[in-house]
Amino acid sequence: MEFRQQIIESNIIRTKDESLQNIDIITGERYEDKAKIKIKTSSNVNSDLIDQFVEFMKKIRMEEIFLYMDKKIRKYKDKFSFYYKYHIEKVTINNLNDFRQFGYIKIVYKECVGEVLYKEIPIFYKDHNEDILLRLDVEIDNIIRVLRKKTKKIGEVEWNDQIVVFSQQATGYFIHEVVGHLLEEDVYEYSKNYIHDIMVPNLTVVDDIRGYGSMFGLNNIDDNGVEIRPLNLIKNGKVVNTISLQNNTNGVARRTNYSQKLLPRMRCTFVEPTSKMTKSDFIRKFNNVVYVDNIFSGFCSYIDGQFSIAGNGTYIQDGMKMFFISNLLISSKIQDYLNNIIDIGNDLAIFATECSKMGHVVRVGIGGPSICFENVSVKGEAYQYGTRYL
């Protein structure tokens, strides 16, 4: 196999009134013939790739966007940071060409009740300055709205046998970290001993980029030249496929760049909608609910399926927001936790993020509808809300 890659990537970090910008150009070739591998770094960049990159940077006027954001967050300026990335790439695999791109701005608010709040908005090649500003407005307003409502700390909290509702982002992160990785070929050899114990009739998990590839930089083929196609992982609660290089007919071979070997990786993994419910319906249905808004980190042992996820959320009683939950922690075994699903909603949403595995970082999609669980143990730190009404 002959793998050629050309990447141009712009990264900007904005803190307070300062911007640090870096433009990286990565070009090289990789030749593989059975066990023989040859890697060669190149300095050649396609002129069309450069022209498209320059055209996009001029069109969105990033410095104007940062100045606008500075004005909008002036009251909280010391706490906010912004991370911008635009990635454009051309790949040639044997005689196949593929053009890929993605972009995003990550909004980060640090030291928010001892943790970090962040939101990420996608940027597309067709965007103009005004499109990006409109999305930023919404997300910054959402963060500031949360900050204004929190008041004093109540203390440590813990629930057992609790009703828990996951947001779409929380569903996506959970399914990616706790389910998806266990179905990747190099881990599945261990996890297959227990992941087949899942018995959730209405749970279907797919890995499919259709309509979402431009959010995380995938297009027509994977990094082995295989056409990217949908892959059903779990169908009606049963594992039906794994993410495998040995039987790669769906395009699951990925690498960070030409210098690294292929790995079986997820593309865009999400839960399919089932019922007609939304997160609001789930919250109204029960008197006491822990709503998990964001999951920031997660880990699952491929040996026994024990997992932990951390994030933040809200405790809601009789339709009223009682307090914000910081450093929210849920730990369980995947077999037990998935079997506690009450219902899966219909409010599907897809997000993009980075995924690191064995030092290889790739861009992935995560998502799903809201999910309602029962009999969950939750820990965290509680803060009073200034306004309790939903």
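Look above for the structure.
The rules behind these values
- Residues numbered from 1 in each chain as written.
- Predicted model: local features only at pLDDT ≥ 70, side-chain atom pairs only at ≥ 80, totals over all residues.
- Heavy atoms only, no water.
- Core = buried A, V, L, I, M, F, W, Y, C linked by side-chain atoms within 4.5 Å.
- Buried < 20%, exposed > 50% of the residue type's maximum accessible area, 1.4 Å probe, protein only.
- Helix = DSSP H or I, 4+ residues; strand = E, 2+ residues; numbered from the N terminus.
- Contact = heavy atoms within 4.5 Å.
- Arc of directions from axis to C-beta.
- 1 Å grid on protein atoms, 1.4 Å probe; cavity = no way out; pocket = protein on both sides within 12 Å on 5 of 7 lines; lining within 4 Å.
- Points joined across faces, edges and corners; volume = space filled by probe spheres on them.
- Nonpolar A, V, L, I, M, F, W, Y, C, P; charged D, E, K, R; others polar.

**Student:** Help me understand the nonpolar core in this model?
**Tutor:** Inside soluble globular proteins, nonpolar side chains tend to come together where they are buried. In terms of nonpolar packing, the biggest core is built from 54 residues, with F166, F174 and I330 touching the most fellow members. Element by element, the count of residues in this core is highest for helix α4 (residues 168-179), at six residues. When neighbours within four sequence positions are excluded, F174 is seen to be in contact with F166, V179, I295, F307, I309, Y337 and L338. In terms of nonpolar packing, the next biggest core, distinct from the first, is built from 31 residues, F56, M57, M69 and I143 among them.

**Student:** Sorry if this is basic, but what is going on with helix α5 (residues 185-195) here?
**Tutor:** Because each turn of an α-helix spans 3.6 residues, side chains separated by three or four positions in sequence point in the same direction. When α5 is considered as a whole, its buried residues turn out to be V187, Y188, S191, Y194 and I195. Seen from one end, α5 has its buried residues packed into an arc of 110°, which puts them on one side. Seen from the open side of α5, the exposed residues pointing more than 90 degrees away from its buried face are E189 and N193.

**Student:** How do you make sense of the layout of surface pockets when you look at a structure like this?
**Tutor:** Unoccupied space between atoms shows up once a probe the size of one water molecule is rolled over them. Counted as a void, the largest pocket has a volume near 1,100 Å³. Along the wall of the largest pocket there are 40 residues; nearest its centre are K119, K279, Y291, D293 and N294. It is helix α3 (residues 129-149) that provides the largest number of residues to the lining of the largest pocket, a total of six residues. Residue classes in the lining of the largest pocket are distributed as 19 nonpolar, eleven polar and ten charged.

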